Amino acid sequence: MKLFSDYDDKLEKNLSLIFGAVGILAIAINLFLKGFEMLNILDAVKDIVGLAVVIGVFLIMSFKKNSDKSFKDIGKDALRKLSSEYPQILMGPRLNRDKSEDTEENSSKALEYLFVMKNDPKSKKRAKLIPVDYLEDGELYIYVQKGTVAHGLHYGEGKVADEDIKTIQNSVKEKVNAYVENNYRGFFIISEEEMKKDKNLVLAIDFDENKLGKKKYYNAIYNCAKIAVESLLKYRK
């Protein structure tokens, strides 16, 4: 199982370097075929400089784009990527209100979440898994509630026992906690007080996002969420 991920534009950067190398090779072959006369050499140098400028501008703009992102944006990108990989159970990140429910009062209360849902595109049954807003402060909250089991894991409404919820919560907590302990020791704390306030809150991880940096923070959010999702899928009916 591949856990580690990276920014989506890493592929774009690698491809730009590959195509740049191919372009330079093509210029060199063209020079070889034309002959190493001074005019041909100058044309080749001009083409290489032009290609280098294009690649350089792309890499600078790509770096600037990532450096300007907030930690909330970084975490949201990680959850969005994960959601695209598990469309059979994940929805979002998106607001907890449908547009049909929009009123001035509802809009002020709307929050963004990564949701778990039934494997049915027509179903509106969903349960919050990870809130987005807390990610700005490095806080990853993972929820497993009755709706998670009833809808996301297909147990059905009215068919979820308390012991079912507890078993699944413990499984998610154990696996995610083991991962952060093994990979991010010294970069996080577990917010036990937050977990005591809500029985549906399986884990409240407070990462030191500034100490981690944006790349490692992205990977931490992506991998923790992925482990939580794969733990849930093992209980899906």
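Description of the structure in this document. Just so you know, these numbers come straight off a predicted model, no measurement behind them.

1. A look at the overall build of the chain
In step 1: Along its length, the chain carries 9 helices and 6 strands.
In step 2: Taking the contacts inside the chain whose residues are at least 6 apart along the sequence as the reference set, 65% of them involve residues at least 24 apart.
In step 3: Total accessible area computed for the chain in this model is approximately 13600 Å², and 56% of it derives from carbon and sulfur atoms.

2. Section: the packing of aromatic side chains
In step 1: Counted according to the given criterion, the structure contains 7 aromatic pairs.
In step 2: Ring plane angle 65° and centroid distance 5.9 Å describe the contact between Tyr-179 and Tyr-184, whose orientation is recorded as edge-to-face.
In step 3: Classification of Tyr-184 as buried rests on a relative accessible area of 7%.
In step 4: Summarising the aromatic geometry, the rings of Phe-188 and Phe-207 are spaced 6.3 Å apart at their centres and angled 55° between planes, so their arrangement reads as tilted.

3. Details of the layout of surface pockets
Regions of empty space are outlined by a rolling probe, equal in size to a water molecule, passed over the atoms.
In step 1: In this structure, the largest pocket spans a volume of roughly 300 Å³.
In step 2: Ranked by residues supplied to the lining of the largest pocket, first place goes to helix 6 (residues 162–183) with 6 residues.
In step 3: For the lining of the largest pocket, the per-class residue count stands at 4 nonpolar, 3 polar and 5 charged.

4. Some points on the sheet that holds strand 5 (residues 188–190)
In step 1: Reading across the sheet, the 3 strands line up as 4-6-5 and stay open at both edges, with antiparallel pairing between neighbours. The open sheet terminates on both sides in strands that have one partner only, identified here as strand 4 (139–143) and strand 5. Each adjacent strand pair in this sheet contributes to an overall mean axis angle of 20°, direction not counted.
In step 2: One ladder, built from 5 bridges, connects strand 4 with strand 6 (residues 201–207); its direction is antiparallel. Among the inter-strand pairings, Tyr-141 is bridged to a residue of strand 6, identified as Ala-204.
In step 3: The sheet strands contacting helix 6 are strand 4, strand 5 and strand 6, and the helix crosses strand 6 at an angle near 15°.

5. Some details on helix 3 (residues 71–85)
In step 1: For helix 3, which comprises 15 residues, the first-to-last C-alpha distance of 22 Å matches the rise-based estimate of 21 Å (1.5 Å per residue) to within 8%.
In step 2: Of all the residues in helix 3, the buried ones are Phe-71, Ile-74, Gly-75, Lys-76, Asp-77, Ala-78, Leu-79, Leu-82 and Ser-83.
In step 3: Residues of helix 3 that are buried make contact with strand 1 (90–95), strand 2 (112–117), strand 3 (126–131), helix 8 (209–212) and helix 9 (214–233).

6. Notes on the side chain of Asp-77
In step 1: Turning to its location among the elements, Asp-77 is positioned in helix 3.
In step 2: Side-chain polar atoms of Asp-77 contact the side chain of Arg-80, separated by 2.9 Å.
In step 3: Here Asp-77 is in contact with Lys-69 and Tyr-218, once residues within four sequence places are set aside.

Cut-offs used in this document
Residues numbered from 1 in each chain as written. Predicted model: local features only at pLDDT ≥ 70, side-chain atom pairs only at ≥ 80, totals over all residues. Heavy atoms only, no water. Helix = DSSP H or I, 4+ residues; strand = E, 2+ residues; numbered from the N terminus. Contact = heavy atoms within 4.5 Å. Areas by Shrake-Rupley, 256 points an atom, 1.4 Å probe, with all protein chains shown as cover. Phe/Tyr/Trp six-rings, centres within 6.5 Å; stacked < 30°, edge-to-face > 60°. Buried < 20%, exposed > 50% of the residue type's maximum accessible area, 1.4 Å probe, protein only. 1 Å grid on protein atoms, 1.4 Å probe; cavity = no way out; pocket = protein on both sides within 12 Å on 5 of 7 lines; lining within 4 Å. Points joined across faces, edges and corners; volume = space filled by probe spheres on them. Nonpolar A, V, L, I, M, F, W, Y, C, P; charged D, E, K, R; others polar. Pairing = 2+ DSSP bridges. Axes fitted to C-alpha atoms, helices over the stretch in contact; angles between N-to-C directions. Expected span 1.5 Å × (residues − 1). Polar contact = N/O pair within 3.5 Å; in protein donor to acceptor, adjacent residues only side chain to side chain.

Read these as spatial facts, not as claims about activity.
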